[in-house]
Amino acid sequence: DAGVTQSPTHLIKTRGQHVTLRCSPISGHKSVSWYQQVLGQGPQFIFQYYEKEERGRGNFPDRFSARQFPNYSSELNVNALLLGDSALYLCASSLIGQAVGNTIYFGEGSWLTVV
Amino acid sequence: DQQVKQNSPSLSVQEGRISILNCDYTNSMFDYFLWYKKYPAEGPTFLISISSIKDKNEDGRFTVFLNKSAKHLSLHIVPSQPGDSAVYFCAASAEGAQKLVFGQGTRLTINP
């Protein structure tokens, strides 16, 4: 079975531009979460979607948005990019909507560089 | 507000010896803890987890210990192997939440 797949793997954008990152969860998984990992730090929670509804949001500005599609894949959108948005964006999938007792699997991430 | 802390940015251990990675947390609502391993250019890989109703969980060479009163957990790897060289993250979650709160990571290097 395929794991969590993310695209693109690397991209470079200019300040002020918009970016869309995509994620396909493991087959059968209904929950998708997004994390941002800045160099030298641990991943930080951005969003969680379960059964196509937003179930949680981290401390990120409104420039960040996401959605989950009927096939449970997900997109993360970031508008008006800033240099500080340069990071590894990780998608995580799991069977159910809570972490306790549930294994959360991560994709390999999308490396975003804003210049 | 760093709710999960890994105070050692790096750790170097000789092959065959025990590696002990530590993690502290401040939020008493956390009741589920996980360890992830990350190689460069890859996403985090789940290693082992522990629920707050336990104080120890083992899986092969990996054992996680939880001390709730001290709000401290540790990951023991024994014996350490060169392939264990990676960045290790501890993460915590509260009941009903999907969100994982991660520490800053500890870079483990296993020396031959």
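See the structure above.
Right, let's walk through the structure included here. (Residues numbered from 1 in each chain as written. Chains lettered and ligands numbered in written order. Predicted model: local features only at pLDDT ≥ 70, side-chain atom pairs only at ≥ 80, totals over all residues. Heavy atoms only, no water.)

It is worth spelling out the pattern of salt bridges at this point. All names here are of chain A. What the rule picks out here adds up to eight salt bridges over all chains. Residues E75 and R22 are paired through a salt bridge, measuring 3.6 Å at the closest nitrogen-oxygen approach. Residue E75 is located in strand β8 (residues 74-78), and its partner R22 is located in strand β3 (residues 19-24); the two are separated by 53 residues in the primary sequence. On the basis of relative accessible area, E75 is assigned to the buried category, the value being 11%. Counted as one network, the salt bridges with shared partners bring together R22, R67 and E75. (Salt bridge = Lys/Arg side-chain N within 4 Å of Asp/Glu carboxyl O. Helix = DSSP H or I, 4+ residues; strand = E, 2+ residues; numbered from the N terminus. Buried < 20%, exposed > 50% of the residue type's maximum accessible area, 1.4 Å probe, protein only.)

Contacts between chain B and chain A engage 21 residues on the former and 25 residues on the latter. Across the chain B to chain A interface the summed buried area is about 1800 Å²; carbon plus sulfur atoms make up 60%. Linking chain B with chain A are two residue pairs in polar contact (both at pLDDT 80 or more), by the criterion used here. Every element with two or more residues in the side of chain B that touches chain A is listed here: β4 (30-38) and β9 (86-94) of chain B. Looking at the side of chain B that touches chain A, the element that brings in the most residues is β4(B), giving four residues. (Contact = heavy atoms within 4.5 Å. Buried area = accessible area lost by both parts, 1.4 Å probe. Polar contact = N/O pair within 3.5 Å; in protein donor to acceptor, adjacent residues only side chain to side chain.)

Moving on, we come to the sheet that holds β8(A). All names here are of chain A. If you trace the four strands from one edge of the open sheet to the other, you get β1-β3-β8-β7, paired in antiparallel fashion. The outermost strands of the open sheet, each flanked by one partner alone, are β1 (5-7) and β7 (64-68). The mean angle between the axes of side-by-side strands here comes to 15°, regardless of whether they run parallel or antiparallel. With five bridges connecting them, β3 and β8 associate as antiparallel partners. Along β8, the bridge assignment pairs R22 with E75. (Pairing = 2+ DSSP bridges. Axes fitted to C-alpha atoms, helices over the stretch in contact; angles between N-to-C directions.)

All names here are of chain B. Within the open sheet, the five strands sit side by side as β1-β3-β8-β7-β6. Their pairing is antiparallel. Of all the strands in the sheet, just β1 (4-5) and β6 (56-59) have a single pairing partner and so form its edges. Here strand β3 (residues 19-25) pairs with strand β8 (residues 72-77) via six bridges, running antiparallel. Note on β8: the bridge partner recorded for I20 is H76.

Residues and elements named next belong to chain B. When you tally the buried positions in β9, you get nine out of nine residues, the bulk of the element. In the sheet, β4 pairs with β9 via eight bridges, with the strands oriented antiparallel. Considered in β9, the bridge of Y36 is made with F89. Joining the antiparallel neighbours β9 and strand β10 (residues 101-102) is a turn of six residues, in which G96 adopts a positive phi near 85°.

On to the environment of T9(A), then. Residue and element names in this part refer to chain A. Position of T9 relative to the elements: it lies in the loop between β1 and β2 (10-13). Look at T9 and you get partly exposed, because its relative accessible area is 47%. Note: C-alpha distance between T9 and L88 (79 residues apart in sequence) is 9.4 Å. Those residues within four positions of T9 in sequence are excluded, and the remaining contacts are G109, S110 and W111. A polar contact is formed between the side chain of T9 and the side chain of H10, at a distance of 3.4 Å.

Another aspect to go through is the state of the cysteines. Residue and element names in this part refer to chain A. For the structure on display, the rule yields two disulfides over all chains. The disulfide bridge from C23 ends at C91, spanning 1.8 Å between sulfur atoms. In this structure, the disulfide formed by C23 and C91 twists by about -65° around the S-S bond and is classed as left-handed. Here C91 lies in strand β9 (residues 87-94) and C23 lies in strand β3, a separation of 68 residues in the sequence. One exposure class covers both C23 and C91, and it is buried. (Disulfide = S-S within 2.5 Å.)

Fair warning: the whole summary comes from geometry, so function is off the table for now.
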